[in-house]
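Observations on the three-dimensional arrangement
Take a look at the letters that make up each chain.
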Amino acid sequence: MTLKLIHFPNARSLRIAWALAELGLDAEIETRAFDLSSLKSEEYLALHPMGKIPVFFDGDERIIESVAVIEYLANKYAEGRLTRQPDDADYASYLQWLHFGEAGMGGYVNMLIAQTALLPEDQRIPAMKLWAEKETKNCLNFIESHLGDDGYLLGGFSLVDIAVGYALFLIKITRNGKLMGPKTAAYFDRLTARDGWKTAQNHQP
Ligand SMILES: N[C@@H](CCC(=O)N[C@@H](CS)C(=O)NCC(=O)O)C(=O)O
């Protein structure tokens, strides 16, 4: 296998670098500086036609969805470690949380980032900021109600913690961590104390 990740620190490629570390898989990780204009360069568009992050290669195969990549890696190269399969009792829960991290939360979190950090202040729209905060809080309340005082979203650490944990990371680094309940904040601290997270964060340009 020839696995290659184009990684940009703090971007969604972090999910993949984190999964590679947790699964103990070898891959070439080419880390680039996060510069939005570089994503629309001819060179980068040849790698990712939409000019987005991430882009991951397995030989000639290209995948551009972060949660799809981590599930691909676990099932194809790690005997399904950190996943659940249809016969497992928590399979439905696994699928729900795996997709919730990006499909369920991503849109609201993106809008929150845009309205609180990314856009210049004079381009922010107060009503959109309020809406993004309300919807992100709704997602965070759902997570909070599911967590115990220790452990992870399923019985043990799994890919769902990488999917959801990265969304929490985005909320945290844009200084919106105050929206998290106490159990979610503690859960985020548990996730970022893991060796796999630290290894992924060590990939710098
Ligand atoms: N659903 C995609 C989302 C990809 C995405 O929005 N990536 C962001 C970075 S985290 C990006 O490319 N932003 C730059 C842009 O939109 O121009 C995934 O999970 O991989």
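Within every chain, residues take consecutive numbers counted from 1 along the sequence as written. For a predicted model such as this one, the threshold for reporting local features is a pLDDT of at least 70, and the threshold for listing and counting side-chain atom pairs is 80 or more; totals across whole chains, interfaces and linings nevertheless cover every residue. The basis for every side-chain value is the complete set of heavy atoms in the structure, and neither hydrogens nor water enter the calculation.

A few points about the site of the ligand
Residues are classed as near a molecule or strand on a simple rule: at least one heavy atom within 4 Å of it. Around the ligand, the structure places 14 residues, and the nearest of them are Lys52, Ile53, Glu65, Ser66 and Glu102. Separating an oxygen atom of the ligand from a side-chain N or O atom of Ser66 is a distance of 2.7 Å. N or O atoms within 3.5 Å of each other form a polar contact, as long as, within protein, one can give a hydrogen and the other can take it, and as long as residues adjacent in sequence are counted only when both atoms are side-chain atoms. One of the side-chain nitrogen or oxygen atoms of Glu102 is found 3.0 Å away from a nitrogen atom of the ligand. Considering the ligand on its own, with 510 Å² of exposed area, one finds that the protein chains cover 79% of that surface. In this structure, the ligand is accommodated by the largest pocket. Residue polarity is assigned by list, with Asp, Glu, Lys and Arg as charged and Ala, Val, Leu, Ile, Met, Phe, Trp, Tyr, Cys and Pro as nonpolar; anything else, Gly included, falls into the polar class. Looking at the shell around the ligand residue by residue, the class counts come to seven nonpolar, one polar and six charged. To measure how exposed things are, a 1.4 Å probe is used in the Shrake-Rupley method; for residues, cover is taken only from the protein chains shown. The way it works is a 1 Å grid over only the protein atoms, where trapped points that fit a 1.4 Å probe form a cavity and open points with protein on both sides within 12 Å along at least five of seven lines form a pocket, and then any residue with an atom within 4 Å of a point lines it. A pocket or cavity is taken to hold a molecule when more than half of that molecule's atoms are within 2 Å of the pocket's grid points.

Observations regarding helix H7 (residues 159-173)
Only DSSP runs of H or I covering at least 4 residues are called helices, and only runs of E covering at least 2 are called strands; the numbering of each starts at the N terminus. To estimate how far a helix should reach, multiply one less than its number of residues by 1.5 Å. Under the 1.5 Å per step criterion, the end-to-end length of H7 is 21 Å for 15 residues, consistent within 8% with the ideal 21 Å. Categorising residues by exposure relies on relative accessible area from a 1.4 Å probe, with only protein chains included: less than 20% of the type maximum marks a residue as buried, more than 50% marks it as exposed, and the intermediate range marks it as partly exposed. The buried count for H7 comes to 13 of 15 residues, which makes it a mostly enclosed element. In the stretch just after H7, Arg175 is the one whose phi turns positive, near 60°.

A few points about the packing of H7 against helix H8 (residues 182-192)
Structural elements are reduced to axes, namely lines fitted to C-alpha atoms, with helices fitted over the stretch in contact, and the angle between N-to-C directions of any two is expressed from 0 to 180 degrees. Two elements in contact, H7 and H8, have axes whose closest approach is 10 Å; the angle formed by their N-to-C orientations is 110°. With respect to each other, H7 and H8 are oriented roughly perpendicular. Taking contact as the criterion, the partners of Asp161, Val164, Gly165, Leu168, Phe169 and Lys172 in H7 are, on H8, Thr184, Tyr187, Phe188 and Leu191. Note on terminology: angles under 35 degrees are roughly parallel, angles over 145 are roughly antiparallel, angles of 65 to 115 are roughly perpendicular, and the others are oblique. The contact definition used throughout considers only heavy atoms, calling two residues in contact when any of these lie within 4.5 Å.

Structural notes on the pattern of salt bridges
Criterion for a salt bridge: a side-chain nitrogen of Lys or Arg within 4 Å of a carboxyl oxygen of Asp or Glu. Within this structure, the stated rule accounts for ten salt bridges. With a shortest N-O distance of 3.0 Å, Lys4 and Glu30 are connected by a salt bridge. Here Lys4 is found in strand S1 (residues 3-7), whereas its partner Glu30 is found in strand S2 (residues 28-31), with 26 residues between them in sequence. Glu30 gets classed as partly exposed once you look at its relative accessible area, which sits at 24%. The partner of Lys134 in a salt bridge is Glu135, with the nearest N and O atoms 3.6 Å apart. One network of salt bridges, with partners in common, ties together Lys4, Glu28, Glu30, Arg32 and Glu43.

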